[in-house]
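Notes for the structure review
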Amino acid sequence: DVEPTVPYFCPAEFYASVISAPLNSDLLNSRNWTVSNKLRFDAMEMKKYHPELVPGDDLKNYGWLEGNVLEKPDGSGLCNLMRIHLGVGNKAAFLELSPDGKTLSFDYENGIIDFPGGSSKFTIRRDPVTKRYFALSNPVPCDQHLWCRNQLVASWSDDLRHWHTFHTVLRDDSGLNKEDSIRLTGFQYPDWQIDGDDMICAVRTAYRGANTFHNSNRITFHRIKDFRKKANSSL
């Protein structure tokens, strides 16, 4: 039997930072790069505003991990939309970067947004055609299964704060029962690009033979045809 566990790590020990350079600068010149402050998640501060997000007293399990540095919708600067571990699922953290690239900040009262599967790594990019933001991520069915990665969905947003799921890319069809599927199947850490009218993506996949959902036994490639039409049909 395989225990339904994942390798131990402590989200509270992770710091967020942004390294940036002007678009047309010489990227090989170190003087053109700016490193922001290193920002740690403060679970006690979050507890003041949203105690339901950080239940209990063991605060080492709460914090942010991988991020997506993106241009804000109004073009006023950059932000970092981050994976975050909280006591509930389907949330992400919205961090803002100052115009000079030196100060990364987080609003504990308003910085947590609803996001499909923000407790696992996700990838966001902006479509140069529609100017919408698109993401691939792993939504979780309930707060008892915050590690669930047996489904991969595509979502879009106009403002980075309100997200709309429009397509299920992958779902476990192995025939496992619900608990075993969550334990043994993972379509995770997706990365993607735009190829004409399609999204193409590579996925770290644990499927039909992996010893846990976390320990992948495949890398799989997928194509989401006419993704813009699919997104429009969800309106």
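So, how was this worked out
Residues numbered from 1 in each chain as written. Predicted model: local features only at pLDDT ≥ 70, side-chain atom pairs only at ≥ 80, totals over all residues. Heavy atoms only, no water. Helix = DSSP H or I, 4+ residues; strand = E, 2+ residues; numbered from the N terminus. Buried < 20%, exposed > 50% of the residue type's maximum accessible area, 1.4 Å probe, protein only. Contact = heavy atoms within 4.5 Å. Polar contact = N/O pair within 3.5 Å; in protein donor to acceptor, adjacent residues only side chain to side chain. Phe/Tyr/Trp six-rings, centres within 6.5 Å; stacked < 30°, edge-to-face > 60°. Lys NZ or Arg CZ within 6 Å of the ring centre and 35° of its normal. Pairing = 2+ DSSP bridges. Axes fitted to C-alpha atoms, helices over the stretch in contact; angles between N-to-C directions. pLDDT = per-residue confidence, 0-100. Core = buried A, V, L, I, M, F, W, Y, C linked by side-chain atoms within 4.5 Å.

With that settled, the discussion passes to the environment of asparagine 32. Note that asparagine 32 resides in the loop between β2 (19-20) and β3 (34-35). Here asparagine 32 falls in the partly exposed class, since its relative accessible area comes to 25%. Distance in space between the C-alpha atoms of asparagine 32 and histidine 214 is 38 Å, their sequence separation being 182 residues. Beyond its immediate stretch of four places on either side in the chain, asparagine 32 contacts Ser20, Ala21, Pro22, Ser25 and Asp26.

Moving on, we come to the side chain of glutamine 188. Checked against the element boundaries, glutamine 188 lands in strand β14 (residues 186-195). By relative accessible area, glutamine 188 is classed as buried at 0%. Within the structure, the side chain of glutamine 188 is placed 2.7 Å from the side chain of arginine 149, a separation counted as a polar contact. In contact with glutamine 188, not counting residues within four places along its chain, are Asn138, Arg149, Val203, Arg204, Ala206, Phe213, His214 and Ser216.

Here we take up the packing of aromatic side chains. Scanning the model with the defined rule gives 10 aromatic pairs in all. A ring pair is formed by phenylalanine 41 and tyrosine 108, whose centres lie 5.8 Å apart and whose planes are at 40 degrees; its orientation type is tilted. With phenylalanine 41 in the loop between β4 (39-40) and α1 (43-49) and tyrosine 108 in the loop between β8 (104-106) and β9 (112-114), this residue pair connects regions lying 67 residues apart in the sequence. Accessibility expressed as a relative area gives 6% for phenylalanine 41, which makes it buried. Relative accessible area serves as the criterion here: at 13%, tyrosine 108 is assigned to the buried category. Seen in terms of ring centroids, phenylalanine 106 and tyrosine 108 are 4.8 Å apart; in terms of plane orientation they differ by 85 degrees. Their pairing is edge-to-face. Looking at arginine 204, its charged tip hangs above the ring of tyrosine 189, at a distance of 4.2 Å from the centre.

Here we come to the sheet that holds strand β12 (residues 151-157). Strand order in this open sheet of 4 strands is β10-β11-β12-β13, and the pairing throughout is antiparallel. The open sheet has two edge strands with one neighbour each: β10 (123-126) and β13 (164-171). Mean inter-strand twist for the sheet, computed between neighbouring axes without regard to direction, equals 20 degrees.

Averaged over every residue, the pLDDT of the protein is 94; residues scoring 70 or more account for 96%. Low pLDDT, under 50, characterises residues 1-7; the stretch is placed with 10 contacts to residues that sit more than four places away or in other chains.

Residues Phe41, Met46, Trp64, Ala93, Leu95, Phe106 and Ile112 are the most contacted members of the largest nonpolar core, which totals 22 residues. Of all the elements, strand β7 (residues 91-97) adds the most residues to this core, at 3 residues. Each residue touching phenylalanine 41, except ones within four places of it in the same chain, is listed here: Phe14, Met46, Tyr62, Gly63, Trp64, Ile84, Leu86, Phe106 and Tyr108. Core analysis: the next-biggest nonpolar cluster, separate from the first, contains 17 residues, Leu152, Phe166, Phe227 and Ala231 among them.

Looking now at the sheet that holds strand β16 (residues 218-224). Spatially, β14-β15-β16 is the arrangement adopted by the 3 strands of the open sheet, whose pairing is antiparallel. At either margin of the open sheet sits one strand with a lone partner, and together these are β14 and β16. Pairs of neighbouring strands in the sheet enclose a mean axial angle of 20 degrees, with direction left out of account. Pairing geometry for strand β15 (residues 198-206) and β16, over 7 bridges, is antiparallel. From the neighbouring strand, alanine 202 faces β16, where its bridge partner is phenylalanine 221.

Right, let's get into the pairing of strand β11 (residues 133-137). Residues in a regular strand project their side chains so that they alternate between the two faces of the sheet. By the criterion of burial, β11 is predominantly enclosed, with 5 of the 5 residues buried. Of the two faces of β11, the one lined by Tyr133, Ala135 and Ser137 and the one lined by Phe134 and Leu136 are each fully buried. Relative to β11, β10 runs antiparallel, the two sharing 4 bridges. The partner of arginine 125 across the bridge, within β11, is phenylalanine 134. Counting the residues between successive antiparallel strands, the hairpin from β10 to β11 contains 6 residues, one of them, lysine 131, with a positive phi of roughly 70 degrees. Relative to β12, β11 is paired through 5 bridges, and the arrangement is antiparallel. Pairing of tyrosine 133 across the sheet is with serine 157, part of β12.

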